[in-house]
Amino acid sequence: MQTTRARARHRFERSARESGPLCSRPLLWTGWAISRAFLLLVLAGIIPLTKVAVLSDVAQIYHGWYGVFRAGHYPVGDVTWQYPPLTALVIVAPGLLPLGYAHAFILLAAACDMLALGLLIRADRRRGWRLVASWYWVLGIALLGPTVFARYDIMVTVVAIAALLVIARRPVLGGALAGIGVLLKVWPGLLLLGAPRGRRGLRAWLSTGGTVALLSLAAEAALPGAFSFLNEQQQRGVEIESLGGTVFQIARHFGWHGTVSYHYGSMEFLGPWVSQVATASLVLSAVAGLWLLVWRLRARHFGPTATADAALTATLLFVTTSRVISPQYLIWLIGLAAVCLCAHGTAQRPVALLLLPVAALTVLEFPLGFDSVVGGRPLGVCVLAARNVLLLAATLLACARLWRSTSLVPLEPEPEEAAGPRLRPDVRDPRSTHASPNTDGRSTEPTTTATGTPTTTYQPPLP
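Residues numbered from 1 in each chain as written. Predicted model: local features only at pLDDT ≥ 70, side-chain atom pairs only at ≥ 80, totals over all residues. Heavy atoms only, no water.

**Quick notes on the confidence of the model for the protein chain**
Link 1 in the chain: When pLDDT is averaged across the protein chain, the result is 86; 83% of the residues are at 70 or more.
Link 2 in the chain: For residues 12-17, every residue scores under 50 in pLDDT, and the model assigns this stretch two contacts once sequence neighbours within four places are set aside. (pLDDT = per-residue confidence, 0-100. Contact = heavy atoms within 4.5 Å.)

Next comes the structure, spelled out in structure tokens:
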């Protein structure tokens, strides 16, 4: 009778927990639909939040590349083409739908957003009943504004999310997905930095390498100029939204004589000391890579959260030290942070929370206040500087927490520690729920508490 009551109470408590706002899938999908509808209305101009043409890249640049691909080759010589070969599939896909190119692109971007949310819901359900990572994705993407559906980065991010979620259990599949991501926008290669050691990690690395090699050969055989983007990447300068660009934004108010111009596909600074700052950014990226190598060699504890934590940290490092920080880069970080939140014991929870105000400030500087940023007006510079300071703080915090969680103190106990102290063969574990005779003829009898939790009453031997 007590057992039946305990079970009923347990079901009631679990039902109460699962009925909260963080656990309701209908509420989650409703929040997703409302927030995305708002972003689409902004893109359509029905809600006039900004005068900046957010869809200009899709309607002009992407659509122009689509015409080049239809002619049978990559956009060789186009300074705005700076992307790996599989990007061609993303650019061509909207043209295959019976819609206008821009509308078809937005539809595909929204489908990828929905797919990412579905993957995170499944991952959340595997760890418990709270949809923490899923709600984080819904909120984070909404904070980034309409740019999410006007760039192809969300399509890359959903591939990276899928790779991170399966790489521990199915390293070959995870490695293959990471390889596809590399050929879409390079940065998903950072997902492998935290791959588990041993055979699983080796299989993931080999799968990624094999996928990149095979698909690269296929792309080069299909269309000429698949790797022409490498030449254009080398010519990039200091973009006005980067950390280096923030230096010049402030310097403009203290007599620095430079200009802002549309250069190699983005708004960049031109003038004195620009090349030196660009070189410094490359040096800092090299230092970041060296730090990651040292971390990998010194790390002793690769728990279930290490792969996602390392991927977020590495991506933060290279975004922060880059010569270019475009608003869509935050899509990568929000996606990786959401995967971190899928696992118990992640070290990056404070970092994930810090990225939310970074996303909010990003939409304030682009597209809402981009004219102020380009013009160097005080309000635009202050918003941009605040965003970059928070981004730098998130990067340093991620590095510190990754180092501590993997090199100093394990986040979760080792299997033997989790199971409790090892007992001698002749000593019965008093936590056992099975009766067993002792050497003196006494026994340990299992009982049940009022809450239904099995306990053991141990009778000590008589003197």
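**Remarks on the sheet that holds strand 2 (residues 259-263)**
Link 1 in the chain: Read across the sheet, three strands follow the order 1-3-2 without closing on themselves; strand pairing throughout is antiparallel. Looking at which strands have only one partner, the edges of the open sheet turn out to be strand 1 (238-239) and strand 2.
Link 2 in the chain: Pairing geometry for strand 1 and strand 3 (residues 266-270), over two bridges, is antiparallel. Looking at strand 3, one finds that E239 is bridged to E268. (Pairing = 2+ DSSP bridges. Helix = DSSP H or I, 4+ residues; strand = E, 2+ residues; numbered from the N terminus.)

**With respect to a nonpolar patch on the surface**
Link 1 in the chain: A cluster of nonpolar side chains, namely F38, L49, L364 and L368, defines an oily patch on the protein surface of about 350 Å² accessible area.
Link 2 in the chain: Along the chain, F38 falls in helix 2 (residues 25-43).
Link 3 in the chain: Residue F38 is classed as partly exposed on the basis of its relative accessible area of 39%. (Patch = residues over 30% accessible without salt bridge, like charges linked within 9 Å, V, L, I, M, F, W, Y side chains within 5 Å. Areas by Shrake-Rupley, 256 points an atom, 1.4 Å probe, with all protein chains shown as cover. Salt bridge = Lys/Arg side-chain N within 4 Å of Asp/Glu carboxyl O. Buried < 20%, exposed > 50% of the residue type's maximum accessible area, 1.4 Å probe, protein only.)

**Some thoughts on the packing of helix 2 against helix 5 (residues 101-127)**
Link 1 in the chain: One can describe the packing of helix 2 onto helix 5 by two numbers: an axis separation of 12 Å at closest approach and a directional angle of 160°. The angle between the axes of helix 2 and helix 5 places the two elements in the roughly antiparallel class. Between helix 2 and helix 5 lies a crossing of right-handed hand. Residues R25, L28, W29, W32, R36, L40 and L43 of helix 2 touch helix 5, and the partners they reach there are I106, A110, D113, M114, L117, G118, I121 and R125. (Axes fitted to C-alpha atoms, helices over the stretch in contact; angles between N-to-C directions. Parallel < 35°, antiparallel > 145°, perpendicular 65-115°, else oblique. Left-handed = near helix turned anticlockwise from the far one by under 90°.)

**Re unusual backbone geometry**
Link 1 in the chain: With an omega of 10°, the peptide bond running from F366 to P367 counts as cis.
Link 2 in the chain: Tracing the sequence through the fold places P367 in helix 15 (residues 349-368).
Link 3 in the chain: Notably, W273 is not glycine yet its phi reads approximately 70°, a positive angle.
Link 4 in the chain: Residue position: W273 is located in the loop between strand 3 and helix 12 (274-298).
Link 5 in the chain: Residue W273 is classed as exposed on the basis of its relative accessible area, which comes to 58%.

**Some points on the side chain of T87**
Link 1 in the chain: Checked against the element boundaries, T87 lands in helix 4 (residues 87-92).
Link 2 in the chain: A relative accessible area of 0% means that T87 is categorised as buried.
Link 3 in the chain: When near neighbours in sequence (up to four residues on either side) are disregarded, T87 contacts W81, Y152, L183 and L184.

**Some points on the nonpolar core**
Note on soluble globular proteins: their nonpolar side chains tend to be buried together.
Link 1 in the chain: One finds Y62, Y136, W137, F149, I154, L312 and L355 to be the most contacted residues of the largest nonpolar core, which totals 87 residues.
Link 2 in the chain: In terms of residue count, helix 14 (residues 329-341) provides more of this core than any other element does, twelve residues in total.
Link 3 in the chain: Ignoring any residue separated from it by four or fewer positions in sequence, one finds Y62 in contact with D57, I91, Y101, F105, R151 and Y152.
Link 4 in the chain: Counting residues in hydrophobic clusters, the runner-up holds 13 residues, among them V238, V277, A278 and V373. (Core = buried A, V, L, I, M, F, W, Y, C linked by side-chain atoms within 4.5 Å.)

**Here we look at the pattern of salt bridges**
Link 1 in the chain: This structure, assessed with the given rule, holds four salt bridges.
Link 2 in the chain: A salt bridge links R36 to D113; the nearest nitrogen and oxygen atoms lie 2.6 Å apart. Within this pair, whereas R36 is found in helix 2, its partner D113 is found in helix 5, the two being separated by 77 residues in sequence. For the pair R36 and D113, one class covers both residues: buried.
Link 3 in the chain: For the salt bridge of R151 with D57, the shortest nitrogen-to-oxygen distance reads 3.4 Å. Residue R151 is located in the loop between helix 6 (132-144) and helix 7 (153-166), and its partner D57 is located in helix 3 (residues 56-70); the two are separated by 94 residues in the primary sequence.
Link 4 in the chain: The class for R151 is buried, based on a relative accessible area of 7%.

**Describing a positive patch on the surface**
Link 1 in the chain: Taken together, R122, R126, R169 and R170 make up a surface patch of like positive charges.
Link 2 in the chain: Tracing the backbone shows R122 in helix 5. (Lys, Arg positive; Asp, Glu negative; His and termini not counted. Charge placed at Lys NZ, Arg CZ, Asp CG, Glu CD.)

**Considerations on the pairing of strand 3**
Link 1 in the chain: When you tally the buried positions in strand 3, you get four out of five residues, the bulk of the element.
Link 2 in the chain: Sheet topology note: the strand 2/strand 3 ladder contains five bridges and is antiparallel. The partner of Y262 across the bridge, within strand 3, is M267.
Link 3 in the chain: What sits between strand 2 and strand 3 in their antiparallel hairpin is a turn of two residues, with Y264 showing a positive phi close to 55°.

**A closer look at the packing of helix 8 (residues 171-185) against helix 9 (residues 199-222)**
Link 1 in the chain: Interaxial distance between helix 8 and helix 9 falls to 7 Å at its minimum, and their mutual angle equals 40°. The orientation of helix 8 relative to helix 9 falls into the category oblique. As for the relative orientation of helix 8 and helix 9, their crossing is right-handed in sense. Of helix 9, the residues touching helix 8 (which contributes P171, V172, G175, A176, A178, G179, I180, V182 and L183) are R200, R203, A204, S207, T208, T211, V212, L215 and S216.

**Quick look at the packing of aromatic side chains**
Link 1 in the chain: Evaluated as defined, the whole model comprises 21 aromatic pairs.
Link 2 in the chain: Aromatic pair W29 and W32: ring centres 5.7 Å apart, planes at 80°, arrangement edge-to-face. With a gap of three residues between them, W29 and W32 both fall in helix 2, about one helical turn apart.
Link 3 in the chain: Accessibility expressed as a relative area gives 11% for W32, which makes it buried.
Link 4 in the chain: Ring centres 6.3 Å apart and planes at 65° place the aromatic pair Y62 and Y152 in the edge-to-face group. Linking Y62 in helix 3 with Y152 in the loop between helix 6 and helix 7, this pair joins segments that are 90 residues apart in sequence. One exposure class covers both Y62 and Y152, and it is buried. (Phe/Tyr/Trp six-rings, centres within 6.5 Å; stacked < 30°, edge-to-face > 60°.)

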